[in-house]
Amino acid sequence: MMGASGIQVGDVVVIERAHLERLFDALRQRGYQIVGPTVRDEAIIYDLLRSAEDLPIGWTDEQEGGYYRLKRRNDAAVFGYAVGPHSWKRFVHPPALRLWRAERTDGRFRIIEETETLPPFAFIGVRSCELHALAIQDRVFLEGAYVDPVYKARRSGAFIVAVNCGQAGGTCFCASMNTGPRVTFGFDLALTELLDAERHDFVVDVGTERGAELLGDVPYRAASDAERAAVDDLVAHTAAHMGRTMETAEIKELLYRHYEHPRWDDVARRCLTCGNCTMVCPTCFCTTVEDVTDLRGQRAERWRRWDSCFTLDFTYLAGGRVRASAKARYRQWMTHKLATWIDQFGTSGCVGCGRCITWCPVAIDITEEVRAIRESESTGSAPSPGKEQ
Amino acid sequence: MVPHPYRVRRRRRETHDTFTLELQPASREGMDDERLPLGQEDAERDIPIASPQPPSTVPAFLPGQFNMLYLFGVGEVPISISGDPADSTTLAHTIRAVGTVTAALRALRPGDMVGVRGPFGSHWPLSDAEGNDVVLIAGGIGLAPLRPAVYRILAERAKYGRVVLLYGTRTPADILYRRELARWRSHFDFDVLITVDHALGNWRGNVGVVTTLIARAPFDPLNTVAMMCGPEVMMRFAARELVRRGVPVDRIFISMERNMKCAIGFCGHCQFGPTFVCKDGPVLPYRGVKDLLTIREL
């Protein structure tokens, strides 16, 4: 049945796989640029999509520490994979952005502010951990004393089609971080893919008026109790099959107790300080700026680029670097993610997506590093947290 | 957050590697073609330089805050404001030429343009310190962010008890603001004690680290607020010495420095444990960072 009206926030409906394209059409008609997962360079990344056929249909991934491979599925699932190297921060907090330009004439210069006019994004296939990551970045860029206008414009206009994960990846641990796998907030529509020999449908939770309105252009029917139960079962199954786990009880205090721990030296011997973990992390927000000029020195530009606390220059101060050793840089990253972030923003900076584990070239595993420090307390191998003085 | 255009009104040489830029807002587009008179670099002379027309005012700042100074095409650096907060026409920044941007800033001439963003960050607790003795402890260029506090205290001298400035530099040649120090010292109610790490030639003053001055500085520890800025190791030992003399830990404030790109808590570079030095600091209660200061490479 066509639902032109009468659909409400909180309703659960079913859209057949065959009608997924209609959802894309409806978004396009409303002026959204549609971004979602697609296969490129042997990975599932996020990019502009022309149609639902650009989605990674029939693909899945295998993920382990330092390992990512695409594999063909034996079905035509549309969302049958875990998260890849990209995250949505690439769109709301772009990797490179010109902040302003300046022109110099006769000994004075004038700053020309950038104004960005982009069509709003529609994000397709946003996972629960990623919604949490967006909410965490909201706290950084929207909820403090200063607001990042670029983030605000890109984020607030975005239409979000979330997806409940039907399977857990090999490095996933959202269940430990209480960030998934079930989508609970921050979406306009949330899809759960139900696929077996008889059917291929999406159960859709309607999260906003905007989502309800969109469904006016997409054929749907009400979801049955059995279908709602199937969603619950699927998500529960995913939650039970996480590739990783992390004990988070008093994790802030744990790490604050162990700024000096032999494990940091241990991980420093493995860490290449390449910064991959920070690039793939959906919450890492650090940036640097680059001031460039033309050859005549008449025009200058200021660019903002993603930066990583693993670079030496990150802490450059007159006279040297605050964090010169790999140990100090890894400790900063992990302690920020899991401990200081809580003091700064009231939440963990980790959503358990597992990207930092998968994309670490030497398979450093944040869950393993936490475990090692935690277990050293019970085995007595941890140094007593002594203080100078 | 884009920089606002300012003109260099004057550049003063302070020491061999340190200088002070006095900046005034550039007048509006199309009106700023008239050049400011070219002043000369005068190290120790306070010659008033006439402005061609009444300048517009600079944004109000509180002692201890900083600005981001942008030099066209070169880059941007965080520099604490070192001028008088009561002066609404001029922004003063004392800068040590140690990097690409600061070295280029040193080459500026009166009339040259720089961009200014700010003011940013926290400030010295001067209101909270009213009714108390005040101990200001500076190491090297750490005197620069404390100078606005000195101006404010001298302007409202009756609000404070005894006030003492303890200042340490590497050598006598590194002492900033010599003329002003002498003037402050001439106030009967403002003590200035100076020490150097390495005495040269005709230095007849104190030799040793600034912490050695704390024991004999005249203040009542139980009714004192201490504010300090300098190398972290200096601040740690000075704080320890203050506590030893009986100053309550929560009345000690330090000003920190970290790499900063944005100054508004977005770029992440200035993190010091849970602290964003740009927005939580640069002035921080010592109690909150006491333990963190002992961790190497934090």
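Residues numbered from 1 in each chain as written. Chains lettered and ligands numbered in written order. Predicted model: local features only at pLDDT ≥ 70, side-chain atom pairs only at ≥ 80, totals over all residues. Heavy atoms only, no water.

Where do I start with the packing of helix α9 (residues 262-270) of chain A against helix α11 (residues 326-345) of chain A in this structure?
Between two packed helices, what matters for the description is the angle formed by their axes and the separation of those axes. All names here are of chain A. Interaxial distance between α9 and α11 falls to 8 Å at its minimum, and their mutual angle equals 110°. One element, α9, and the other, α11, form an angle in the roughly perpendicular class. Two secondary-structure elements touch here, α9 through W264, D265, V267 and A268 and α11 through A326, K327, Y330, R331, M334 and T335. For the contact of α9 with α11, the residue count by class is 6 nonpolar, 1 polar and 3 charged. (Axes fitted to C-alpha atoms, helices over the stretch in contact; angles between N-to-C directions. Helix = DSSP H or I, 4+ residues; strand = E, 2+ residues; numbered from the N terminus. Parallel < 35°, antiparallel > 145°, perpendicular 65-115°, else oblique. Contact = heavy atoms within 4.5 Å. Nonpolar A, V, L, I, M, F, W, Y, C, P; charged D, E, K, R; others polar.)

Looking at this structure, I do not really get the interface of chain B and chain A. What am I missing?
It is common to give the size of an interface as the accessible area that goes away when the parts come together. The partner chain A presents 53 residues to the 47 residues of chain B that form the contact. Three residues, F72, F266 and E297 of chain B, lead the burial of chain B against chain A; their summed loss comes to 21% of the area buried on that side. Counting every contact that joins chain B to chain A gives 1 salt bridge. Among the salt bridges present, the one from E76 of chain B reaches R302 of chain A, with a minimum N-O distance of 2.4 Å. Joining chain B to chain A, the criterion identifies 14 residue pairs in polar contact (both at pLDDT 80 or more). Counting only elements with at least two residues in the side of chain B that touches chain A, the list comes to β4 (75-80), β6 (113-120), α4 (232-245) and β14 (275-276) of chain B. When residues in the side of chain B that touches chain A are grouped by element, the largest group, 5 residues, is from β6 of chain B. Per-class residue counts for the side of chain B that touches chain A are 19 nonpolar, 12 polar and 16 charged. (Buried area = accessible area lost by both parts, 1.4 Å probe. Salt bridge = Lys/Arg side-chain N within 4 Å of Asp/Glu carboxyl O. Polar contact = N/O pair within 3.5 Å; in protein donor to acceptor, adjacent residues only side chain to side chain.)

What is the right way to read the sheet that holds strand β2 (residues 33-40) of chain A from this model?
Think of a sheet as strands paired side by side through backbone hydrogen bonds, with each pair either parallel or antiparallel. All names here are of chain A. Read across the open sheet, the 8 strands follow the order β3-β2-β8-β9-β10-β11-β1-β12; overall the sheet is mixed. Bordering the open sheet on either side are β3 (43-48) and β12 (221-222), each of which pairs with just one other strand. Here 3 bridges tie β2 to strand β8 (residues 121-126), and the two strands are oriented parallel to one another. Note that in β8 the partner of I34 across the bridge is A122. (Pairing = 2+ DSSP bridges.)

It is not clear to me how the pairing of strand β7 (residues 108-113) of chain A should be interpreted in this structure. Could you clarify?
Residue and element names in this part refer to chain A. When strand β6 (residues 96-105) meets β7, the two strands line up antiparallel, connected through 6 bridges. Across the sheet, the residue bridging to R101 is I112, located in β7. Where β6 folds back onto β7 in an antiparallel hairpin, the turn is made up of 2 residues, including D106, whose phi is positive at roughly 50°.

Please clarify how the sheet that holds strand β9 (residues 191-196) of chain B should be interpreted in this entry.
Residue and element names in this part refer to chain B. If you trace the 7 strands from one edge of the open sheet to the other, you get β10-β9-β8-β7-β11-β12-β15, paired in mixed fashion. Looking at which strands have only one partner, the edges of the open sheet turn out to be β10 (206-207) and β15 (283-285). Both strand β11 (residues 224-229) and strand β12 (residues 252-255) contribute to a ladder of 4 bridges, which runs parallel. Among the inter-strand pairings, A226 is bridged to a residue of β12, identified as I252. Across the sheet, helix α2 (residues 143-155) lies against β7 (133-139), β8 (163-169) and β11, angled at about 155° from β7, the strand it touches most. Across the sheet, helix α3 (residues 178-186) touches β8 and β9, and the angle it forms with β9 is around 140°.

Hey, could you run me through helix α4 (residues 149-156) of chain A in this one?
Count 3.6 residues to each turn of an α-helix, and residues three or four apart come out pointing the same way. Residue and element names in this part refer to chain A. Buried within α4 we find V150, Y151, R154 and R155. What you see down the axis of α4 is that its buried residues fit within an arc of 115°, all on one side. Among the exposed residues of α4, those pointing more than 90 degrees away from its buried face are P149 and S156. On its buried side, α4 packs onto α2 (89-92), β6, β8, α3 (128-141) and β9 (159-163). The N-capping residue of α4, defined by a side-chain oxygen 3.0 Å from the backbone nitrogen of V150, is D148. (Buried < 20%, exposed > 50% of the residue type's maximum accessible area, 1.4 Å probe, protein only. Arc of directions from axis to C-beta.)

Worth remembering: the numbers are spatial, not functional.
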